[in-house]
Amino acid sequence: MKVIKLGGIEVGSSNPPFIIAEMSGNHNQSLKRALEIVEAAAKAGANALKIQTYKADTMTLDESKDDFMINDPDSIWKNKSLYKLYQEAHTPWEWHQPIFERCEQLGMVGFSSPFDETAVDFLETLNVPCYKIASFECTDLPLIRKVAKTKKPMIISTGMCSAAEIEESVNTAKEAGCKDIILLKCTSTYPASPENTNIRTIPHMKELFQCQVGLSDHTMGNGVAVASVVLGATIIEKHFTLSRKDGGVDASFSLEPLELQALVTETKRAWQALGTVHYGSSKAEKPSEKYRRSLYVTQDMKAGEILTKDNLRVIRPGYGLAPKYYDLLLGKAVVRDVEKGTPVGWDII
């Protein structure tokens, strides 16, 4: 898969995982807190900070009918109307510029998920380097078409989508002019459980759609994210907050600063560990070869004496002949005097 640049940072299998800290509504309607989140993400080593661009009125209707209420008893947002939730969670549009400017100052990529065409138009005025399509909008083909026409890289989260729906989204994006697409495997539950994450889909998705694939991860902890890197994920996105105890619409399934720092470290280690298909000693292992087992004479011997199980052993270190010659040498006579502790070579028989 070709390398894709997101805000000047190369993303691909030959590069460490690109880590996105998703602020979402964890700013708790405070610009000061939002900027503190940006700073904490940068300090933890994230490559990017993502926000969401919408208004409650562009997301839904201000209604309390059943259709517009969150009635799922297991939802962290139960008994809220969609409108009230989006009012609480949205990032005021006048905050976008200072947030993106702080990202740039700290060496991070700042970008957003637009949720309607007006959001795309607004983000274009801020010259964002790329776009993210949220999983619930993956089937919003008019929105995807609008974003694709910017010709900027597009990251598409695929939670809940069938393979056919993903294909429609990808084809729509390509036909509208987007050349750089990265799909994210995603489980659209909040939080998600590892059992429902199915990250074996990542290499299959990569092969099926011939594009880079990453992970939008809503599970607690970093185990799923680290495992996804082994399966080829080039991007990891995690919700991020300063402290879960501070509350907020997404706080309960968001990473805290030390956890994000661990995510950055451990996913990079997982990527480094992939290496290449290799057998035999690596360059780093060469010095250890001398501590392998080999054949040694373990008693003083006179010329003509026979090698037996009493005077020939397989031991460490590895300066003698390989252990595979043990049976061959048993019963052979030594041609010269040999001291105890001599590594066995062909010259003694």
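Right above here is the structure, for reference.
Residues numbered from 1 in each chain as written. Predicted model: local features only at pLDDT ≥ 70, side-chain atom pairs only at ≥ 80, totals over all residues. Heavy atoms only, no water.

1. Concerning the overall build of the chain
Here is step 1: When you go through the chain residue by residue, the secondary structure sums to 11 helices and 13 strands.
Here is step 2: The C-alpha atoms of the chain give a radius of gyration of 29 Å, which is well past the 20 Å a tight globule of 349 residues would have.
Here is step 3: Projected onto its principal axes, the C-alpha positions of the chain cover 100 × 45 × 40 Å.
Here is step 4: Each of the 349 residues in the chain was classed as buried or not, and the buried ones make up 48%.
Here is step 5: A separation threshold of at least 6 residues defines the contact pool for the chain, and within that pool the share at least 24 residues apart is 66%.
Here is step 6: As displayed, the chain has an accessible area near 17500 Å², and 50% of this comes from carbon and sulfur atoms. (Helix = DSSP H or I, 4+ residues; strand = E, 2+ residues; numbered from the N terminus. Rg over C-alpha atoms; globule rule 2.2 N^0.38 Å. Buried < 20%, exposed > 50% of the residue type's maximum accessible area, 1.4 Å probe, protein only. Contact = heavy atoms within 4.5 Å. Areas by Shrake-Rupley, 256 points an atom, 1.4 Å probe, with all protein chains shown as cover.)

2. Focus on the side chain of Ser75
Here is step 1: Structurally, the position occupied by Ser75 is in the loop between helix H2 (56-59) and helix H3 (82-89).
Here is step 2: Looking at Ser75, its side chain comes within polar contact range of the main-chain nitrogen of Trp77, at 3.0 Å. (Polar contact = N/O pair within 3.5 Å; in protein donor to acceptor, adjacent residues only side chain to side chain.)

3. Observations concerning helix H1 (residues 31-44)
Here is step 1: Here H1 is 14 residues long and its end C-alpha atoms lie 20 Å apart, about the 20 Å a rise of 1.5 Å per residue gives.
Here is step 2: Taken residue by residue, H1 has Arg33, Ala34, Leu35, Ile37, Val38, Ala40, Ala41 and Ala44 as its buried positions.
Here is step 3: Contacts from the buried residues of H1 go to strand E3 (18-22), strand E4 (48-53), helix H4 (93-105) and helix H10 (257-274).
Here is step 4: Following H1 by one or two positions, Gly45 has its phi on the positive side, about 100 degrees. (Expected span 1.5 Å × (residues − 1).)

4. A few points about the pairing of E3
Two faces, one strand: in a regular strand the side chains alternate between the faces of the sheet.
Here is step 1: Across the 5 residues that make up E3, a large majority, 5, are buried.
Here is step 2: Sheet topology note: the E3/strand E10 (residues 235-239) ladder contains 5 bridges and is parallel. Paired with Ile20 across the bridge in E10 is Glu237.
Here is step 3: Note that the unit made of E3, H1 and E4 has a crossover that is right-handed. (Pairing = 2+ DSSP bridges. Right-handed = clockwise from strand over helix to strand, strands pointing away.)

5. Things to note about the pattern of salt bridges
Here is step 1: Across all of its chains, the model carries 15 salt bridges by this definition.
Here is step 2: With a closest N to O distance of 3.0 Å, Arg33 and Asp246 form a salt bridge. Of this pair, Arg33 sits in helix H1 while Asp246 sits in the loop between E10 and H10, and the two are 213 residues apart along the sequence.
Here is step 3: On the basis of relative accessibility, which here comes to 11%, the residue Arg33 falls in the buried class.
Here is step 4: We classify Asp246 as partly exposed; its relative accessible area is 36%.
Here is step 5: Between Asp347 and Arg336 there is a salt bridge, with the nearest N and O atoms lying 2.9 Å from each other. In this pair, Asp347 sits in the segment after strand E13 (342-343) while Arg336 sits in the loop between helix H11 (326-329) and E13, placing the two residues 11 residues apart along the sequence.
Here is step 6: Sharing partners across several salt bridges, the network here consists of Arg33, Lys245 and Asp246. (Salt bridge = Lys/Arg side-chain N within 4 Å of Asp/Glu carboxyl O.)

6. Remarks on the packing of aromatic side chains
Here is step 1: The final tally for this structure, using the stated rule, is 8 aromatic pairs.
Here is step 2: When the ring of Trp93 is compared with that of Phe122, the centres are 4.8 Å apart and the planes differ by 20 degrees; the resulting orientation is stacked. Remark: Phe122 occurs in helix H5 (residues 117-125) and Trp93 occurs in helix H4; sequence separation between them is 29 residues.
Here is step 3: Considering the side-chain rings of Tyr325 and Trp346, the 5.0 Å spacing of their centres and the 75 degrees angle between planes classify their relative orientation as edge-to-face. Here Tyr325, found in the loop between strand E12 (312-315) and H11, pairs with Trp346, found in the segment after E13; they are 21 residues apart in sequence, far enough to count as distant.
Here is step 4: Taking the relative accessible area as the measure of exposure, Tyr325 reaches 27% and is therefore partly exposed.
Here is step 5: A residue is classified by how much of its surface remains accessible, and Trp346, at 45% relative accessible area, is partly exposed.
Here is step 6: Grouped by ring-pair contacts, the aromatic residues Trp77, Phe136, Tyr190 and Phe253 constitute a single cluster.
Here is step 7: The side chain of Lys55 reaches across the aromatic face of Trp93, ending 4.5 Å from its centre. (Phe/Tyr/Trp six-rings, centres within 6.5 Å; stacked < 30°, edge-to-face > 60°. Lys NZ or Arg CZ within 6 Å of the ring centre and 35° of its normal.)

7. Section: H10
Here is step 1: Spanning 18 residues, H10 covers 26 Å between terminal C-alpha atoms, matching the ideal 26 Å at 1.5 Å per step.
Here is step 2: At its buried positions, H10 is contacted by E3, H1, helix H9 (223-230) and E10.
Here is step 3: Downstream of H10 by one or two residues, Gly275 has phi in the positive range, about 55 degrees.

8. Brief notes about the nonpolar core
Here is step 1: Counting 56 residues, the largest nonpolar core has Leu49, Ile99, Met154, Leu183 and Leu260 as its most contacted members.
Here is step 2: Counting residues per element, this core draws most heavily on H1, at 7 residues.
Here is step 3: With residues near it in sequence (within four places) discarded, Leu183 still touches Ile156, Thr158, Ile166, Val170, Met205, Phe209, Cys211, Gln212, Val213 and Gly214. (Core = buried A, V, L, I, M, F, W, Y, C linked by side-chain atoms within 4.5 Å.)

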